[in-house]
Amino acid sequence: MKQQLINLITQSLQSLALDQNDLPKISIERTRSKEHGDFACNIALMLAKPLKKNPLEIAEIIKNHIPANDAIERIDIAPPGFINFYLAKSSYHQLLKTILMQQTQFGTSTVGNNKKVLIEFVSANPTGPLHVGHGRGAAYGASLANLLKTVGFNVETEYYVNDAGRQMDILALSIWLRYLQSNHCLVPFPNNAYQGDYVRDIAHELSEKHGKQLMTTPDIFPEELTSEAATQNDPEGTMDQLIALAKSTLGAENYQVVFNAGLSNILDDIRQDLTEFGVDFTHWFSERSLTNTKLETAIAALKKADYLYQKEGAWWFRATDFGDTKNRVVIRENGQPTYFASDIAYHFDKLSRGYDQLVNIWGADHHGYIPRIQAALQALTGSSDKLNVRLVQFAILYRGNERLSMSTRSGSFVTLRQLREEVSNDAARFFYVMRKPDQHLDFDLELAKKHTKDNPVYYIQYAHARIASVVRNLATTAPNWHWEQINDLNVLSEEEENSLMRLIAKYPEHIESAANQCDPHIIAHYLQELSAQFHAYYNTHKVLVEDQKIRDARLLLIMAIQQVIANGLAILGVSAPEVM
RNA sequence: GCCCUGAUAGCUCAGGUGGAUAGAGCGUCUGCCUCCUAAGCGGAAGGCCGCAGGUUCAACUCCUGCUCAGGGCACCA
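So, a few notes on the structure that sits alongside this text. (Residues numbered from 1 in each chain as written. Chains lettered and ligands numbered in written order. Predicted model: local features only at pLDDT ≥ 70, side-chain atom pairs only at ≥ 80, totals over all residues. Heavy atoms only, no water.)

Side note on the protein's contact with RNA strand B
Let me state the cut-off plainly: What makes a residue near a molecule or strand is one non-hydrogen atom of that residue sitting within 4 Å of it. Polar contacts here mean pairs of N or O atoms no more than 3.5 Å apart (in protein, one a potential hydrogen donor and the other a potential acceptor; neighbouring residues in sequence count only if both atoms are side-chain atoms). Secondary structure follows DSSP: runs of H or I at least 4 residues long count as helices, runs of E at least 2 residues long count as strands, and numbering of each begins at the N terminus. All residues other than Ala, Val, Leu, Ile, Met, Phe, Trp, Tyr, Cys, Pro, Asp, Glu, Lys and Arg, Gly among them, are scored as polar; the first ten of these are nonpolar and the last four charged.
Near RNA strand B, the surroundings consist of 60 residues, among which Lys-49, Lys-453, Tyr-459, Tyr-462 and Asn-473 are the closest. Backbone polar atom of His-451 to a sugar or linking oxygen of RNA strand B: 2.8 Å apart, as the coordinates give it. One nitrogen or oxygen atom from the side chain of Asn-539 is found 2.8 Å from a sugar or linking oxygen belonging to RNA strand B. Looking at the surface near RNA strand B, the elements that each hand over two or more residues are helix H2 (43-51), strand S4 (82-87), helix H6 (166-182), strand S9 (314-317), helix H17 (456-477) and helix H20 (521-540). No other element matches the nine residues that H17 contributes to the surface near RNA strand B. For the surface near RNA strand B, the per-class residue count stands at 21 nonpolar, 20 polar and 19 charged.

Side note on the pairing of strand S15 (residues 441-444)
The condition is simple: Three labels apply to residues, based on accessible area from a 1.4 Å probe with only protein chains included: buried if under 20% of the type maximum, exposed if over 50%, partly exposed otherwise in between. Two strands make a pair as long as DSSP finds a minimum of two bridges between them.
Burial of S15 is one-sided: the residues Leu-441 and Phe-443 facing one way are buried, the residues Asp-442 and Asp-444 facing the other way are not. Judged from the four bridges that link them, strand S13 (residues 395-399) and S15 form a sheet pairing that is parallel. Looking at the pairing, Ala-395 lines up with Leu-441 of S15.

Description of the packing of aromatic side chains
Put simply, the rule is: Ring pairs shown here join Phe, Tyr and Trp side chains whose ring centres sit within 6.5 Å, with only the six-membered ring taken for Trp; geometry is labelled stacked below 30 degrees between planes, edge-to-face above 60, and tilted in between.
A complete count under the given rule lists 21 aromatic pairs for this structure. When the ring of Tyr-159 is compared with that of Phe-281, the centres are 5.5 Å apart and the planes differ by 85°; the resulting orientation is edge-to-face. Note that Tyr-159 is positioned in strand S6 (residues 154-161) and Phe-281 in the loop between helix H10 (235-276) and strand S7 (283-286), a separation of 122 residues in sequence. Using a relative accessible area of 12% as the deciding quantity, one classes Phe-281 as buried. Here Phe-534 and Tyr-538 contribute two aromatic rings whose centre-to-centre distance is 5.8 Å and whose plane-to-plane angle is 50°, an arrangement assigned as tilted. Of the two residues, Phe-534 and Tyr-538 are both situated in helix H20; the distance of four residues between them amounts to about one turn of the helix. According to the relative accessible area criterion, Phe-534 is buried, its value standing at 1%.

Re the nonpolar core
Our working definition: The criterion is simple. A nonpolar core is a set of buried Ala, Val, Leu, Ile, Met, Phe, Trp, Tyr and Cys residues joined through side-chain atoms within 4.5 Å. Every residue pair with non-hydrogen atoms within 4.5 Å of one another is taken to be in contact.
Core analysis: the biggest nonpolar cluster contains 153 residues, and Phe-85, Ile-119, Trp-176, Leu-419, Tyr-432 and Ile-504 have the highest contact counts within it. The contact partners of Leu-419, leaving out residues within four places of it in the chain, are Val-132, Leu-397, Ser-424, Ala-428, Tyr-432, Phe-443 and Leu-445. Formed by 32 residues, the second largest nonpolar core is a distinct cluster that contains Phe-285, Leu-302, Trp-362 and Tyr-369.

Side note on the sheet that holds strand S10 (residues 328-331)
Heads up, the condition is: Axis lines are fitted to C-alpha atoms, over the contacting stretch for helices. Their N-to-C directions set the angle, which ranges from 0 to 180 degrees.
Read from one edge of the open sheet, three strands run S8-S9-S10, paired in antiparallel fashion. With one partner strand each, in any of the chains shown, strand S8 (308-311) and S10 form the two edges of the open sheet. Ignoring strand direction, the axes of neighbouring strands in this sheet form an average angle of 45°. Direction of pairing for S8 relative to S9: antiparallel, over a ladder of four bridges.

A word on the sheet that holds strand S11 (residues 357-363)
The strand order S7-S6-S5-S11-S12 describes an open sheet built from five strands, whose pairing is parallel. With partners counted over all chains shown, the strands left at the sheet margins are S7 and strand S12 (387-392), one partner each. The mean inter-strand angle of the sheet, taken between neighbouring strand axes irrespective of direction, is 25°. Bridge count between strand S5 (residues 116-120) and S6: five bridges; the pairing is parallel. Note on S6: the bridge partner recorded for Leu-118 is Glu-156. Sheet contacts for helix H13 (residues 370-381): S11 and S12; angle to S12, the most-contacted strand, approximately 165°.

A look at the pattern of salt bridges
Put simply, the rule reads: By definition here, a salt bridge exists when the distance from a side-chain nitrogen of Lys or Arg to a carboxyl oxygen of Asp or Glu is within 4 Å.
Applying the stated criterion to the full structure yields 23 salt bridges. For Arg-166, the salt bridge identified is with Asp-240, shortest N-O distance 2.7 Å. Of this pair, Arg-166 sits in helix H6 while Asp-240 sits in helix H10, and the two are 74 residues apart along the sequence. Among the residues examined, Arg-166 registers a relative accessible area of 31% and is labelled partly exposed. The class for Asp-240 is partly exposed, based on a relative accessible area of 36%. A salt bridge links Asp-454 to Lys-450, with the shortest nitrogen-to-oxygen separation between them at 3.4 Å. The class for Asp-454 is partly exposed, based on a relative accessible area of 42%. Three or more residues are tied together by salt bridges with common partners; here these are Glu-158, Lys-294, Asp-349 and Arg-353.

Comments concerning the environment of Gly-368
Counting through the fold element by element, Gly-368 comes out in the loop between S11 and H13. You can call Gly-368 partly exposed: its relative accessible area is 40%. Sequence spacing of Gly-368 and Asp-324 is 44 residues, and the spatial spacing of their C-alpha atoms is 9.5 Å.

Thoughts on unusual backbone geometry
Positioned with a positive phi, Val-122 is a non-glycine residue whose angle comes to about 65°. Among the secondary structure elements, Val-122 is positioned in the loop between S5 and helix H5 (132-150). A positive phi angle, close to 65°, is found at Asp-306, a residue other than glycine. Of note, Asp-306 is situated in the loop between helix H11 (292-304) and S8.

Concerning a nonpolar patch on the surface
The criterion, for reference: A patch consists of residues exposed above 30% relative accessible area that lack any salt bridge, with like charges linked at up to 9 Å and nonpolar side chains (Val, Leu, Ile, Met, Phe, Trp, Tyr) linked at up to 5 Å. Accessible areas in this description were obtained via Shrake-Rupley with a 1.4 Å probe; residue shielding takes into account the shown protein chains only.
Together, Leu-45, Met-46 and Phe-82 make up an exposed nonpolar region whose accessible area comes to about 230 Å². By secondary structure assignment, the location of Met-46 is in helix H2. The class for Met-46 is partly exposed, based on a relative accessible area of 40%.

Below, the structure written as structure tokens:
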């Protein structure tokens, strides 16, 4: 429609005999208020200066030269010089039938051009269950994936499993210590080991499977590793020594037994949790699968292009060449690669898989890391727009006035599973994405559970269910009724009806801009507005009236609304119930 | 010190790549169920869009400076 209007104006502009250089870009916008028609054009305002004429006069000339068109009912000029277009009713009537015909396809487009996009998100360390902070990334990533698919991208999703680092060793140690404790070997449990009950569960399972195979005696733990003083003076150093002790006591094979028990147990739990939450991944990429070869290949690529140099025994990446604040170590003095190095290798691997665009969704606490990873990608690809990093701010959970804290190690966190069970998947998915991601989110558990209009999820779902109910009622009096038989929609003349048709006509535009900005919350807000208008309409005008013409036209309208709500909710990962 | 993100109604937040009179919800006050789901609707009150400049026909929106709030600045992962 916009393009059509632009064409009409372009034709009209020829009458002004303009110098090509004066010709600004023609932009057509939706009007904010219906008193200004459906679309507005500011071209006359832009031309006022070069033409040295009153914008109102210019607008008048343009208006008079616009060719007649069936889709346009009327054109108005408004001060200070806007040209307002009013669409013909018939184009809206046609839209209702289009929506019912296209069903779930309404709102989809091909602007993504089938480009391959990889969205990496959640990627939480497999050292414990997902907590509510991860939930926001999960909900946002899944909705963004749906959104980009809707506008025609070829989307894949990926979870990067950090199964190689020190945190995993701490987990293995924690499990082993719990195992020893449950087998009456009295060893102390450090404060900075993983405290959660799930560690005990995994240890218990280990006992059942492997009996006493992993046992030892308390006397192998030297005093300096177990005393209060030692753990307080250098807690992290003590942990490292305990890990070394575990490795040497258990031997490589048995250590792997403990390690793998932790990893597979927790990863299974995370997988199941996310699946139940409606969040699916195309790939689960293991950090350990980044072999030395892959790492060396990536490092070699950088070395070859002279982006690495040696200083103080370590290898440094020239990140400042690409706008980072300082250069970064990739290979330590001791020859070990840094985490940054394996991240480079990981992204090098992503690139080799042929994606047109990479999207990473990270917690806001990682933002300082962005310049260096962008720098690395720029060094590897020569382009700076291959990777798009979206930051997600923390979600702060409230129960009444109590602010709930989260910390995986202390074990006092609220898990995503607990949250889902308490407020339902639908409410959780909606609440997580109703705020834009770079805004702090206050997640109110009490509100999410309310079954009133205060709760936006139920408000929207209720609109959908109400429409479904009307359609069910119709079936009792007119079982053979079908929308395709309805052709006369001219009886839709109420103010609320016009307004609703205008609103659903905007749905595809909202989808497109939400996708452009990677902002699913736009859809959440749109659905709230649409639902509000529907509820108001429902209360003032009865649908199933005596007059069949009016009844049929109104049915078509509300069924179209129902379809739009269903489509929007699907993108957000929220169900659209028929009955509530 | 440097960097990022915010600052809009009493509260929580929307306000495409500048447009016409800045919008919702909650809360407050107050009406509506012999009628398709009251998990709903209507009405009222509530604003110097953090402050000060600048660009523009036009600034909540863009630029600069400042104030305040949260976060980040490792040869940790």
